[in-house]
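A closer look at the structure
The residues making up each chain are set out below.
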Amino acid sequence: MNFEPGTRPDADTFATAAETLRGTLRGEALREGDDGYDAARAVWNAMIDRRPALIVRARGVADVIDAVNFARAHALPVSIRGGGHNVAGHAVCDGGLMIDLSLMRAVHVDPVARRARVEGGATWGDLDRESQVHGLATPGGLISDTGIAGLTLAGGIGWLRSRHGLCIDNLVSADLVTADGKLVSASAGSNQDLYWALRGGGGNFGVVVGFEFALHAVGPTVMFAAPIYPLSAGPGPIRFWRDFLADKNGDVGSLVEFSTIPESEDFPEEYWGQRCYTIAALYAGDAGEGERLLQPLRDQGDLVTDFSGQMQYCEVQQMFDTMMPFGQYRCYWKSHYLAGLSDALIDLCLANAAEAPSDNTLSSLWNFGGATAAVAADATALGDRSMPWMYSIDSVWSEAADDEANIGWTRKVWEQTRQYSQEGRLYLNFAGFGEEGEALVKDAYGKTYARLAAIKAGYDPGNMFRFNQNIRPAA
Ligand SMILES: Cc1cc2nc3c(=O)[nH]c(=O)nc-3n(C[C@H](O)[C@H](O)[C@H](O)COP(=O)(O)OP(=O)(O)OC[C@H]3O[C@@H](n4cnc5c(N)ncnc54)[C@H](O)[C@@H]3O)c2cc1C
């Protein structure tokens, strides 16, 4: 029963095969019409509405192996769902097989070895909660229900990047099920090519069922700065922030986040509905020292309010969760790695923030340097680490009628600021819907693309795993 992706065999034949698979699984196999099918295909971005021919909700490695073998036998392409946060909706596909790992979220921490073993469907909230029991953490995303898998495999940019690097820099090993249905381990000691490719190459190489991360002493109390300036404060505080960080990129993970003050009692009423920016910064060392060090970021003019303070690391990791609820908003995000942050670009970012069509839209400037920049260009598939900043344009809105205005605005801003990018590179987790296809992926990887394509050809020659920032298998 072979058929091309996107078409179906006759319904009875497919139903029989799916029923047989269902009998072997510890988890679930769901088809359209089954209870739970619609909930399982829902992802974070409310714009995404795709219907897989089959969804396997795996409960263990054996389920994943059976699902991959089923997909191969029936020529079904596979999408992989970790946390379901991918804005392009890559976790879910039309007509293929979706492997959903959200029932596989176990975390095991070894505090002596300072290692965490994490199942492929876990979220950053899961990992932070368990590792912080021991006062440990690994660099992770800024929102607690983002999946560790999708975030890590494309690089992974979090608050701890300054001192401990990107998520991939802390990935010690990974276990994955490849397109031939085999369980493979990748680390510095085994399958080194795959280990290199997984650190930046996204979900192209198989279903990662287990991640092993290095942990570091973090908190539990840390210093987090979050003064909020009205947009009318102009560029001064942002220029100060840029210059202030020049000798602190090894200790401070920071971003300037442009947003709109919500109608909430947490904010003074006179500012409701006004555009603003937050200078957010985490000091990755002693909290008292961090409080003294970060104080100047809070002293650059009149504030709307100030959420700064010493707090639990897990609180920081959940601080922005309410701005980013699962499945509620329509979203389109795009980014540039920047070659520099000139005054002219800061002015442009301010003007863009003022003009965003939606009050839910965010845009942000992120610092790099420190431990992130210390990794050699050829050490991971992410490639060169010399980008000093990132600009991310994160459009968020509610109504389908506003899709065109918001997507159009995001693309306009992205094109307009492209001249400031570092050789056209961008973060593939903030890459729109990948409309530019292979060209975008090639630009993003630059010199590493050819090596990635060769490794892809070895592990997934038929491109079973294609719902991602796709690396085409080399001929
Ligand atoms: C609210 C929000 C906040 C974010 N914050 C950050 C941030 O702070 N830092 C940052 O770097 N990024 C951030 N991102 C971007 C995020 O990293 C990507 O959206 C990422 O794809 C999410 O991973 P996921 O597992 O939740 O995604 P999913 O949608 O489940 O998966 C996305 C893709 O990742 C791959 N994948 C997922 N699981 C596996 C697996 N187990 N094995 C192999 N491949 C897999 C697949 O290709 C899949 O299509 C954020 C996104 C959102 C929506």
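Residues numbered from 1 in each chain as written. Predicted model: local features only at pLDDT ≥ 70, side-chain atom pairs only at ≥ 80, totals over all residues.

**Looking at the site of the ligand**
- Taken together, 35 residues lie near the ligand, and Gly82, Gly83, Gly147, Gly150 and Gly203 sit nearest.
- For the shell around the ligand, the elements supplying multiple residues, two or more each, are strand 3 (78–81), helix 5 (148–153) and strand 10 (207–214).
- In terms of residue class, the shell around the ligand is made up of 16 nonpolar, 18 polar and 1 charged.
- Each of domain 1 (13–100) and domain 2 (107–218 + 446–459) gives at least three residues to the shell around the ligand. (Near = placed C-beta within 6 Å. Helix = DSSP H or I, 4+ residues; strand = E, 2+ residues; numbered from the N terminus. Nonpolar A, V, L, I, M, F, W, Y, C, P; charged D, E, K, R; others polar. Domains from an automatic or database assignment.)

**Some points on the environment of tyrosine 420**
- By the secondary structure assignment, tyrosine 420 is in the loop between helix 13 (403–416) and helix 14 (438–445).
- Along the backbone, tyrosine 420 and aspartate 110 are 310 residues apart, and their C-alpha atoms lie at a distance of 43 Å.
- Those residues in contact with tyrosine 420 that lie beyond four places of it in its chain are His336, Leu338, Ala339 and Leu345. (Contact = placed C-beta atoms within 7 Å.)

**Section: the pairing of strand 9 (residues 183–187)**
- Relative to strand 9, strand 8 (residues 171–177) runs antiparallel, the two sharing 5 bridges. Across the sheet, the residue bridging to aspartate 175 is serine 185, located in strand 9.
- What sits between the antiparallel neighbours strand 8 and strand 9 is a turn of 5 residues, in which glycine 181 has the positive phi angle 80 degrees. (Pairing = 2+ DSSP bridges.)

**Observations regarding unusual backbone geometry**
- For the peptide bond that leads from glycine 219 to proline 220, omega is 5 degrees, which places it in the cis range.
- Examined against the element boundaries, proline 220 turns out to sit in the loop between strand 11 (216–217) and strand 12 (221–225).
- In this structure, asparagine 463 takes a positive phi of about 55 degrees despite not being glycine.
- Structurally, the position occupied by asparagine 463 is in the segment after helix 15 (449–459).
- The class for asparagine 463 is partly exposed, based on 16 C-beta atoms found within 10 Å. (Buried ≥ 20, exposed ≤ 12 C-beta atoms within 10 Å, placed from the backbone.)

**Some remarks on the confidence of the model for the chain**
- Looking at the chain, the pLDDT average stands at 96 and 98% of residues meet or exceed 70.
- Across residues 1–7 the pLDDT falls below 50, and counting only partners more than four positions away or on other chains, this stretch makes 16 contacts in the model. (pLDDT = per-residue confidence, 0-100.)

**Brief notes about the sheet that holds strand 3**
- One open sheet holds the 4 strands; their spatial order is 1-2-4-3, and the pairing between them is mixed. The sheet terminates laterally at strand 1 (28–30) and strand 3, the two strands that pair on one side only. Going from strand to strand, the sheet's axes swing by 20 degrees on average, the running direction of each strand aside.
- Relative to strand 4 (residues 97–100), strand 2 (residues 54–57) runs parallel, the two sharing 4 bridges. Each residue of the ladder has a partner; that of leucine 54, found in strand 4, is leucine 97.
- Where helix 3 (residues 61–73) meets the sheet, its contacts fall on strand 2, strand 3 and strand 4, and the angle it forms with strand 4 comes to roughly 170 degrees. (Axes fitted to C-alpha atoms, helices over the stretch in contact; angles between N-to-C directions.)

**Points about the sheet that holds strand 6 (residues 115–119)**
- Ordered in space as 5-6-10-8-9, the 5 strands form an open sheet in which the pairing is antiparallel. Each edge of the open sheet carries a strand with a single partner, namely strand 5 (107–110) and strand 9. On average, adjacent strands in this sheet sit at an angle of 15 degrees to one another, irrespective of strand direction.
- Bridge analysis of strand 5 against strand 6 gives 4 bridges, and the strand direction is antiparallel. Along strand 6, the bridge assignment pairs aspartate 110 with arginine 115.
- Strands strand 5 and strand 6 of the sheet are contacted by helix 4 (residues 124–132), whose axis makes an angle of about 30 degrees with strand 5.

**Examining the domain arrangement of the chain**
- By the assigned domains, the chain splits into domain 1 (13–100), domain 2 (107–218 + 446–459) and domain 3 (221–438).
- On a C-alpha basis, the centroid separation for the pair domain 2 and domain 3 is 24 Å.
- In this complex, domain 2 contributes 35 residues to the contact, which on the side of domain 3 involves 31 residues.
- Put simply, the parts of the chain that give the side of domain 2 that touches domain 3 at least two residues each are helix 4, helix 6 (161–164) and helix 7 (192–198).

**Description of helix 13**
- Given a rise of 1.5 Å per residue, 14 residues ought to cover 20 Å, and the 20 Å separating the end C-alpha atoms of helix 13 matches this to within 8%.
- When helix 13 is considered as a whole, its buried residues turn out to be Asn406, Ile407, Trp409, Thr410, Val413 and Trp414. Across the axial projection of helix 13, the buried residues extend over an arc of 160 degrees, all falling on one side. Away from its buried face, by an angle of more than 90 degrees, helix 13 presents the exposed residues Glu404, Glu415 and Gln416.
- At its buried positions, helix 13 is contacted by strand 18 (330–338), helix 11 (343–355) and strand 20 (389–397). (Expected span 1.5 Å × (residues − 1). Arc of directions from axis to C-beta.)

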